Amino acid sequence: WYANMEVFNMLLQKDYTNTNNYKKFKIDSKNLSWTPDSWRLHPALQQPTFQDARLFQKCIKKLKEASEIVSFAKIQELKNKIASAEKGKSFLFQAGDCAELFKDCTFDRVKLKILELTKQKEILQLGLNKEITLIGRIAGQFAKPRSESYETIENITLPAYRGDIINSSKFTYEARVNNPINLIKSYHKSKKVLNYAQIFNKNSNMYSSHEALLLDYESALTRYDARYNQFYNSSSHFVWVGERTRQINGAHIKYLSGITNPIGIKFSENITTDELIKMVEILNPNQENGKIVLIPRMGHQKISDNLPKFIRSIHKEGFNVTWMSDPMHGNTEKTKKGIKTRSFNKILDELILSLQIHKSENSFLGGMHLETSPDNVTECTGGFQNITEKDLLLNYQTACDPRLNSLQTIEIISHFIKEYVR
Ligand code: PEP
Ligand code: MN
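Residues numbered from 1 in each chain as written. Chains lettered and ligands numbered in written order. Predicted model: local features only at pLDDT ≥ 70, side-chain atom pairs only at ≥ 80, totals over all residues.

Asker: How do you make sense of unusual backbone geometry when you look at a structure like this?
Answerer: Most peptide bonds take the trans form, and the phi angle of most residues other than glycine is negative. A positive phi angle, close to 55 degrees, is found at Asn129, a residue other than glycine. Position of Asn129 among the secondary structure elements: in the loop between helix 5 (107-128) and strand 2 (131-137). Exposure remark for Asn129: the 10 C-beta atoms within 10 Å place this residue in the exposed category. Phi is positive for Asn386, close to 50 degrees, though the residue is something other than glycine. Summarising the element assignment, Asn386 is placed in the loop between strand 15 (380-381) and helix 12 (406-420). Under the C-beta neighbour-count criterion, Asn386 is labelled exposed, with 9 such atoms within 10 Å. (Helix = DSSP H or I, 4+ residues; strand = E, 2+ residues; numbered from the N terminus. Buried ≥ 20, exposed ≤ 12 C-beta atoms within 10 Å, placed from the backbone.)

Shown next as structure tokens:
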């Protein structure tokens, strides 16, 4: 690759943050075992179809020509931070909305979110006496996998909401139509949010993250760095694969196997230890440090019976990974009235159990993953305010999963600190 020194020197002098390497430097795809489009030969779950195929292709072309949302250098920086969490020297705090909304990408709303996340990070930092790396579910968390393709309310059935990158959450037919323009909007909103975030975040670095779900979008924003002969996803610093799309031979794993970004793997107790090991091998064949974050989300009742065997098998393989607990997604329930909620106590229970299980397995927890709102929402029951099922509709704002409100988040963090330093 570096045989031609002239080209190499030219590459070194370039400012990579504002150039589109993917386009400018021809990739000899014959010699590559992976390209951003390799996933197309694999079954891809949770992908929407857009009626206006020509407009969709136009939007994808625009994304391929667009400048990066995040820089390669920042992605590498985060990888180093995760490598330090992997060794127990720092701790990862990943938090934010389940589904980010376009209408929330305003200066004031982003300011509120960033200040809240920063406050939470600083409390954790003081409490754990460790460097905390903040990874927001922000600046691109626009695509949602859904268990049900349709939603029925009072005898009316409409396509499910799949995130603002695809359709809108309002329960009308018009809102639920998939619109390819939303892909372009997602790109611009992500850039805008990151720019705002930088303003409020001078002393406290934040990295962005989202689920790498909509593969046309993710692959269109994948860039080639000729200096290192590597591809990276320029839409976010950190991306994760979700429980619903983590099939070993599926398109998502194929896509993720070719990018250099650090990757989160979310999984329930339904994964086998063999599958998990295989997945880590595929996504981190060179055993790079700071590359893999394992995010079990099993629910407060299942975590004790299931987490230990995964910890043991990963350790037995000698894999370097960071373990993060997501105590949210295994604890989602519906009230009798059909409202999606989560109980504060169950969330706390899974988080604390995860911490204890790691301690007793001679391992350690390197991060936590929460769905949070900076507002006083009433989406999860319990906590100091003692929110009950009856209270849920008082301020239920989420477009997807129920989030901890600002007070509940601080409470979870306080309990966690107490157990962590015990
Ligand atoms: C999520 O993080 O919003 C999500 C859908 O997670 P999971 O894939 O773990 O269910
Ligand atoms: Mn969620």
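After that view of the structure, there is still more to cover.
Asker: When you look at helix 4 (residues 72-86) in this model, what are you seeing that I'm missing?
Answerer: It helps to recall that an α-helix has 3.6 residues per turn; residues three or four apart then point in one direction. With 15 residues, helix 4 extends 21 Å from end C-alpha to end C-alpha; this agrees with the ideal 21 Å at 1.5 Å per step. Every buried residue belonging to helix 4 is among Phe72, Ile75, Leu78, Lys81, Ile82, Ser84, Ala85 and Glu86, and all of these are buried. At the exit of helix 4 stands Gly88, carrying a positive phi of roughly 85 degrees. (Expected span 1.5 Å × (residues − 1).)

Asker: Would you take a moment to explain the sheet that holds strand 14 (residues 367-371) for this structure?
Answerer: Through backbone hydrogen bonds, the strands of a sheet pair up, either in parallel or in antiparallel fashion. If you walk around this closed barrel you meet the 8 strands as 1-2-5-8-9-10-11-14, and the pairing is parallel. Within this sheet the neighbouring strands show an average axis-to-axis angle of 25 degrees, counted without direction. Across 7 bridges, the pairing between strand 1 (residues 90-96) and strand 2 is parallel. Paired with Ser90 across the two strands is Glu131, which belongs to strand 2. (Pairing = 2+ DSSP bridges. Axes fitted to C-alpha atoms, helices over the stretch in contact; angles between N-to-C directions.)

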